[in-house]
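# Descriptive structure summary
Okay, here's what each chain looks like letter by letter:
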Amino acid sequence: MKSLRYVLCTCLVVLCSVTAQAKNEKEPDPTPIEKWKGKTILVFTPHPDDETFTSGGTLKILADNGNNIQIVIFTNDDKGSTDLEMTSERLARIRKAEEEAACKALGIPKENITWLGYEDGNLEYADPKVLRGKVARQIKIHRPDAVFSVDPGEKNERWHKTDHRMAAFITQDAFIAAEWHLYYPNHMLVENLKPYHVPLAFFYYSEDANTTVDVTDVFDAKIKACAAHVSQFEPSNSKYTPEMSKETYQGVYDWMAGFSKKGDRFYEQFRRVEWP
Ligand SMILES: [Zn+2]
């Protein structure tokens, strides 16, 4: 009987998830995302740069079209340096400034960046229930037309690094938590944040992409944004300098073009999933 009860409960959860508690405020927009205007886009990224490298061109197009883009960054990226004179505190400050410069190049104001402030490389050791609540809260605050996030798809589990894995799964889990006010009741009781149903997601770092965006016209801006993450490229990574040489800039361009270029056009790819 125990196992039967378990099966019934599981089915009930699935059924309830399909008939989500939160009313659909927004339906998935079938229009190609590069045509969107006046929408709200909520971007979750494990580190300050994953969204730049994977989605920067698409975000630039969306920003140019007058959409409201909000970036939520899980970690402060305070470990990614091989400079033996670097400290975590200093690196976190550098990474914050670099992310703000990258967002500026994409037309996203720094006021639209929310830092959750977790330590780099340690997201899987954070309290998952607290973390999911923070993500659900951001969803309820911004009520996005679409969310961008790391693809939690099964093929990706094999290669995700720790922060990417945790950010991918916790964000997906938060979609459900955001729909039901009793998961985090204080969101409504204290802050009057109503439940919200995410209608659409664009997953980056996907091995199952089903959506392609032509970013050729904004590719130079994307490279400028990528190159703003100076400390993540050599020689700055091993001996920090805020300057980037022309040769390194060209290297960033070549690296990015290597997996973006088809013929004479540049593309970004996503797995688009909708929940009407
Ligand atoms: Zn990352």
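Please read all numbers here as calculations on a predicted model, not as lab measurements. (Residues numbered from 1 in each chain as written. Predicted model: local features only at pLDDT ≥ 70, side-chain atom pairs only at ≥ 80, totals over all residues.)

Summing up its helical and strand segments, the protein chain has eight helices and eight strands in all. Along the first, second and third principal axes, the C-alpha set of the protein chain runs to 65 × 40 × 35 Å. Expressed as a percentage of the 276 residues in the protein chain, the buried residues total 42%. Residue pairs at least 24 apart in sequence account for 82% of intrachain contacts in the protein chain once pairs closer than 6 positions are excluded. (Helix = DSSP H or I, 4+ residues; strand = E, 2+ residues; numbered from the N terminus. Buried ≥ 20, exposed ≤ 12 C-beta atoms within 10 Å, placed from the backbone. Contact = placed C-beta atoms within 7 Å.)

Moving on: the confidence of the model for the protein chain. Summary statistics for the protein chain give a mean pLDDT of 91 and a share of 92% for residues scoring 70 or more. Ignoring residues within four places in sequence, the model shows residues 1-19, a span with pLDDT below 50, making one contact including any to other chains. (pLDDT = per-residue confidence, 0-100.)

A few words on the nonpolar core. Counting 63 residues, the largest nonpolar core has Val43 and Leu106 as its most contacted members. In terms of residue count, helix α5 (residues 162-179) provides more of this core than any other element does, eight residues in total. (Core = buried A, V, L, I, M, F, W, Y, C linked by C-beta atoms within 7 Å.)

What follows deals with the packing of helix α2 (residues 50-64) against helix α7 (residues 219-227). A pair of packed helices is captured by two measures, namely the crossing angle of their axes and the spacing between those axes. Contact geometry of α2 with α7 gives a least axis separation of 9 Å together with a crossing angle of 140 degrees. Classified by the angle between their axes, α2 and α7 sit oblique to one another. Crossing hand, α2 versus α7: right-handed. Within the contact between the two elements, α2 uses Thr52, Phe53, Gly56, Gly57 and Lys60 and α7 uses Phe219, Ala221, Lys222, Ala225 and Cys226. For the contact of α2 with α7, a count of residues per class yields five nonpolar, three polar and two charged. (Axes fitted to C-alpha atoms, helices over the stretch in contact; angles between N-to-C directions. Parallel < 35°, antiparallel > 145°, perpendicular 65-115°, else oblique. Left-handed = near helix turned anticlockwise from the far one by under 90°. Nonpolar A, V, L, I, M, F, W, Y, C, P; charged D, E, K, R; others polar.)

What follows concerns the environment of Asn210. Within the fold, Asn210 resides in the loop between β5 (200-204) and β6 (211-214). As a C-alpha pair, Asn210 and Ser260 span 50 residues in sequence and 15 Å in three-dimensional space. With residues near it in sequence (within four places) discarded, Asn210 still touches Arg271 and Arg272.

For β5, a buried count of five out of five residues is recorded, marking the element as mostly surrounded by other parts of the structure. In this structure, strand β4 (residues 146-150) lies alongside β5, joined through four bridges in parallel fashion. From the neighbouring strand, Phe148 faces β5, where its bridge partner is Phe202. Alignment of β5 against strand β8 (residues 265-274), held across four bridges, turns out to be antiparallel. Directly across from Ala201, in β8, lies its bridge partner Val273. (Pairing = 2+ DSSP bridges.)

Between α7 and helix α8 (residues 246-260), whose axes approach to 10 Å, the crossing angle comes to 120 degrees. Taken as axis vectors, α7 and α8 run oblique relative to one another. Regarding α7 and α8, the two cross each other, and that crossing is right-handed. When α7 is examined against α8, the residues Ile223, Cys226 and Ala227 are found in contact with a partner set consisting of Tyr249, Val252, Tyr253 and Met256. Looking at the contact of α7 with α8 residue by residue, the classes come out as seven nonpolar, no polar and no charged.

On to unusual backbone geometry, then. In this structure, the amide linkage connecting Glu234 to the following residue, Pro235, adopts the cis form with an omega of 10 degrees. Examined against the element boundaries, Pro235 turns out to sit in the loop between α7 and α8. Despite not being glycine, Asp77 has its phi angle at roughly 60 degrees, a positive value. Tracing the backbone through its elements, the reader meets Asp77 in the loop between β2 (68-75) and α3 (88-105). For Asp77, a count of 29 C-beta atoms within 10 Å corresponds to the buried category.

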